[in-house]
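# An overview of the molecular structure
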Amino acid sequence: MNTVKEFNIGTPLEVTLPPVSRLDLIKYAGASGDFNPIHTIDEEASKAGLPGIIAHGMWTMGNLAKLFTPYYEEVFLKEYSVAFKGMVFLNDVITLQASLLSIQNDQYKFDVFAVNQKDEVVVKGEAILKRF
Amino acid sequence: MFEEMIGKQSIPVKNTVELGSVRAFSKAIGDPSPIYTDEEVGKRSRYGTNLAPPTYPRVFDYGVIDEFNLPNVGLIHGKQTFQYNRPLLVGETVMCSTALEDYYERNGKSGLLGFLILKREGKEPNGQTIFTEEQVVIITEAVRKGMTS
């Protein structure tokens, strides 16, 4: 089990995902109940004026939160807020990052990001972990 | 066009956090951690049961706001916030509701954009709040025109 003692200001938590696949988005549609077809069907994406299907914003936001999962015996995610800045397309390689901004009493505040292979920020936000 | 709907809310809907659904969801976000998927790990944890991932409330039924109809295409999810008083637990019952908190329009590059601020809540059956959510949904001018014509 990981411990929050590992949290250091300036040492980001980071993980790079495998290239986004259609199956990833089909699975997310099924598990979340969000069947908007622009996320899974090419024709519907192009009808909506998109160059191809795009990932659900909530798929990326959901993935991003996994950086904190190993610490849930000591803390819980009290606040998690993001802005969706850019679209995520098939085969994009997304890197998830969280960097500690401050520790105040029992709360750890992080900046969180998801960037694509072109270093474009697709999701940007903040998370606060609260210690028990 | 949604101004007159501001403040309206749904009747709360009873939801249950089921392990099978949590397992499928945690796999779908690439996070099949034992705290979400393994019953034994859940039992031994400080929670005495498995957790649901923080973005899991996407799965819940929040009910419908009367006469509030959104097209299912052409909406842009702009922002999303979750606030938790405690983690969401597998096996528990959650009463979920939604409200239109605000609506305003702003000029954007592609014309007038509509911003819907939707608030969602998940409460224990006794009324204690577990989490609140805020969603900013952007409606483009093209979609809004299609709705009124």
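Just so it is clear, the model here is predicted, and its values are computed rather than measured.

## With respect to the overall build of chain A
- For chain A, the helix and strand inventory stands at three helices and five strands.
- Counting from the amino terminus, helix and strand elements in chain A follow one another as β-α-α-α-β-β-β-β.
- With the principal axes as the frame, chain A shows a C-alpha extent of 50 × 30 × 20 Å.
- For chain A, the residues scored as buried account for 48% of the 132 residues in total.
- Relative to all contacts within chain A whose residues are 6 or more apart in sequence, the contacts with residues 24 or more apart total 63%.
- Element-wise, carbon and sulfur atoms account for 52% of the exposed surface of chain A, whose accessible area totals about 6200 Å².
- When the 12 positive and 16 negative side-chain charges of chain A are each reduced to one mean point, those points stand 4 Å apart.

## Here's the deal with the overall build of chain B
- Looking only at helices and strands, one finds four helices and five strands in chain B.
- In chain B, the succession of α and β elements from N to C terminus is β-α-α-α-β-β-β-β-α.
- Seen along its three principal axes, the alpha-carbon backbone of chain B occupies a region of about 55 × 35 × 20 Å.
- Counting across all 149 residues of chain B, residues that qualify as buried make up 47%.
- Within chain B, residue pairs in contact and separated by at least 24 positions form 70% of the contacts whose partners lie at least 6 positions apart.
- As displayed, chain B offers around 7400 Å² of accessible surface, 48% of which is attributable to carbon and sulfur atoms.
- Side chains of chain B give 17 positive and 19 negative charges; the mean places of these two sets differ by 4 Å.

## A short note on the pairing of strand β4 (residues 107-115) of chain A
Residues and elements named next belong to chain A.
- As paired elements, strand β3 (residues 95-104) and β4 share nine bridges and run antiparallel to each other. Residue Gln97 lies in a different strand from β4, and its bridge partner there is Phe113.
- Counted along the chain from β3 to the antiparallel partner β4, the turn is two residues long, and its residue Asn105 has a positive phi close to 50 degrees.
- Judged from the nine bridges that link them, β4 and strand β5 (residues 121-131) form a sheet pairing that is antiparallel.

## Let's talk about the UniProt feature "domain: MaoC-like" (unreviewed entry) in chain A
- Mapped onto the present numbering, the UniProt feature "domain: MaoC-like" (unreviewed entry) falls on residues 18-105 of chain A.
- Measuring from the first to the last C-alpha atom of residues 18-105 of chain A gives 36 Å, for a span that is 28% helix and 23% strand.

## Quick word on the side chain of Asn15 of chain B
Residues and elements named next belong to chain B.
- Examined against the element boundaries, Asn15 turns out to sit in strand β1 (residues 13-16).
- A polar side-chain atom of Asn15 sits 2.9 Å from the main-chain carbonyl oxygen of Asp61.
- Discounting chain neighbours no more than four positions away, the residues touching Asn15 are Phe60, Asp61, Glu92, Thr93, Val94 and Cys96.

## Side note on the environment of Arg106 of chain B
- Mapped onto the elements of the fold, Arg106 of chain B is located in strand β3 (residues 93-108).
- Apart from residues no more than four positions distant in its own chain, Arg106 of chain B is found in contact with Gly111, Leu112, Leu113 and Phe115 of chain B.

## What to know about the sheet that holds strand β1 (residues 13-16) of chain A
- Pairing within the open sheet is antiparallel, and its ten strands lie in the order β1(A)-β3(A)-β4(A)-β5(A)-β2(A)-β2(B)-β5(B)-β4(B)-β3(B)-β1(B). Each having just a single partner strand, β1 of chain A together with β1 of chain B make up the two edges of the open sheet. Within the sheet, the average angular offset between the axes of one strand and its neighbour, ignoring direction, is 20 degrees.
- Bridge analysis of β3 of chain B against strand β4 (residues 111-123) of chain B gives 13 bridges, and the strand direction is antiparallel. Paired with Arg106 of chain B across the two strands is Leu113 of chain B, which belongs to β4 of chain B.

## Structural notes on helix α1 (residues 19-28) of chain B
- For α1 of chain B, every residue scored as buried is listed here: Leu19, Val22, Phe25, Ser26 and Ala28 of chain B.
- The inward-facing, buried residues of α1 of chain B contact α1 (22-32) and α3 (57-64) of chain A together with α2 (34-37) and α3 (39-44) of chain B.
- Remark: Gly30 of chain B follows α1 of chain B within two positions and exhibits a positive phi of approximately 65 degrees.

Cut-offs used in this document
Residues numbered from 1 in each chain as written. Chains lettered and ligands numbered in written order. Predicted model: local features only at pLDDT ≥ 70, side-chain atom pairs only at ≥ 80, totals over all residues. Heavy atoms only, no water. Helix = DSSP H or I, 4+ residues; strand = E, 2+ residues; numbered from the N terminus. Buried < 20%, exposed > 50% of the residue type's maximum accessible area, 1.4 Å probe, protein only. Contact = heavy atoms within 4.5 Å. Areas by Shrake-Rupley, 256 points an atom, 1.4 Å probe, with all protein chains shown as cover. Lys, Arg positive; Asp, Glu negative; His and termini not counted. Charge placed at Lys NZ, Arg CZ, Asp CG, Glu CD. Pairing = 2+ DSSP bridges. UniProt positions renumbered as here; feature names shortened; annotations may be inferred. Polar contact = N/O pair within 3.5 Å; in protein donor to acceptor, adjacent residues only side chain to side chain. Axes fitted to C-alpha atoms, helices over the stretch in contact; angles between N-to-C directions.

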